[in-house]
Amino acid sequence: MKNMGEVEEKSKDIIKCTAEKLSVDEVSQLVISPMCGAVSLFVGTTRNNFEGEKVISLEYEAYIPMAENEIRKICSDIRQKWPVKHIAVFHRLGLVPVSEASIVIAVSSVHRAASLAAVSYAIDTLKAKVPIWKKEMYEESSSSWKRNKECFWATSD
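The structure contained in this document is the topic of the report that follows. All values derive from a computational prediction rather than experimental measurement.

This brings us to the pattern of salt bridges. Counted according to the given criterion, the structure contains four salt bridges. Among the ionic pairs, Asp 13 bridges to Arg 79, the shortest N-O distance being 2.6 Å. Here Arg 79 lies in helix α2 (residues 64-81) and Asp 13 lies in strand β1 (residues 13-18), a separation of 66 residues in the sequence. Of the residues examined, Arg 79 reaches a relative accessible area of 27% and is grouped as partly exposed. Salt bridges here are not isolated pairs; linked through shared partners, they connect Lys 21, Arg 92 and Glu 100.

Quick look at the structure:
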């Protein structure tokens, strides 16, 4: 029997694709739970180089309803595999300058092993399955759309 003060906290999946700058603190706060001793994070940022080219920014495009639906499936898969409490996946769309976050994934769990495994699975599966496209903008004003090596629906060369 539960105490009157103990209310069972419902698990949440919070998914957002946005053109706004991502806040790591905001996303991590969304998954904090008094029942959990761990919050694990993955933050993907724009780096300033790719295969010898100087990158000045990345640009992301997505078909948002499909992307969010695929991310929901990933959250569901995570819940089948690990005892996690809350999951938040925020992906930035549009232009993302060097050093800014393009993706923030946060997962809470009672113990760290579950949330660490879930975050790793989330980013690997997202890169393989979610229809989000990345364009690299180079210093000498050229650009290149990138195929995700992990992506299952990309054609092989």
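What follows is about a nonpolar patch on the surface. Judged by side-chain polarity, Val 24, Ile 32, Val 39, Leu 41 and Val 43 come together as a nonpolar surface patch covering roughly 340 Å² of accessible area. Top element by residues in the nonpolar patch is strand β2 (residues 38-45). It accounts for three residues. Mapped onto the fold, Val 39 is located in strand β2. Given the relative accessible area of 38%, Val 39 is considered partly exposed.

With phi around 45 degrees, Glu 51 is a residue other than glycine that occupies positive phi space. Judged by its relative accessible area of 66%, Glu 51 falls in the exposed class. Notably, Ser 99 is not glycine yet its phi reads approximately 80 degrees, a positive angle. Checked against the element boundaries, Ser 99 lands in the loop between β6 (94-97) and β7 (101-109).

Taking strand neighbours across the sheet as the criterion, the four strands line up as β1-β5-β7-β2 in an open arrangement whose pairing is mixed. Each having just a single partner strand, β1 and β2 make up the two edges of the open sheet. Each neighbouring strand pair of the sheet contributes to a mean axis angle of 5 degrees, computed without reference to strand direction. Note that β2 and β7 share eight bridges and pair antiparallel. The partner of Gly 44 across the bridge, within β7, is Ile 103. Relative to strand β5 (residues 84-92), helix α1 (residues 24-31) is tilted by about 155 degrees, and along the sheet it contacts β1, β2, β5 and β7. Across the sheet, α2 is in contact with β1 and β5; its angle to β1 comes to roughly 150 degrees.

Our focus in this paragraph is α1. Listing the buried residues of α1 in full gives Val 27, Ser 28 and Val 31. Down the axis of α1, the buried set is contained in an arc of 95 degrees. They therefore lie on one face. Looking at the buried positions of α1, the neighbouring elements they touch are β2, β5 and β7.

Conventions adopted
- Residues numbered from 1 in each chain as written.
- Predicted model: local features only at pLDDT ≥ 70, side-chain atom pairs only at ≥ 80, totals over all residues.
- Heavy atoms only, no water.
- Salt bridge = Lys/Arg side-chain N within 4 Å of Asp/Glu carboxyl O.
- Helix = DSSP H or I, 4+ residues; strand = E, 2+ residues; numbered from the N terminus.
- Buried < 20%, exposed > 50% of the residue type's maximum accessible area, 1.4 Å probe, protein only.
- Patch = residues over 30% accessible without salt bridge, like charges linked within 9 Å, V, L, I, M, F, W, Y side chains within 5 Å.
- Areas by Shrake-Rupley, 256 points an atom, 1.4 Å probe, with all protein chains shown as cover.
- Pairing = 2+ DSSP bridges.
- Axes fitted to C-alpha atoms, helices over the stretch in contact; angles between N-to-C directions.
- Contact = heavy atoms within 4.5 Å.
- Arc of directions from axis to C-beta.

Functional significance is not addressed by these values, which are geometric in nature.
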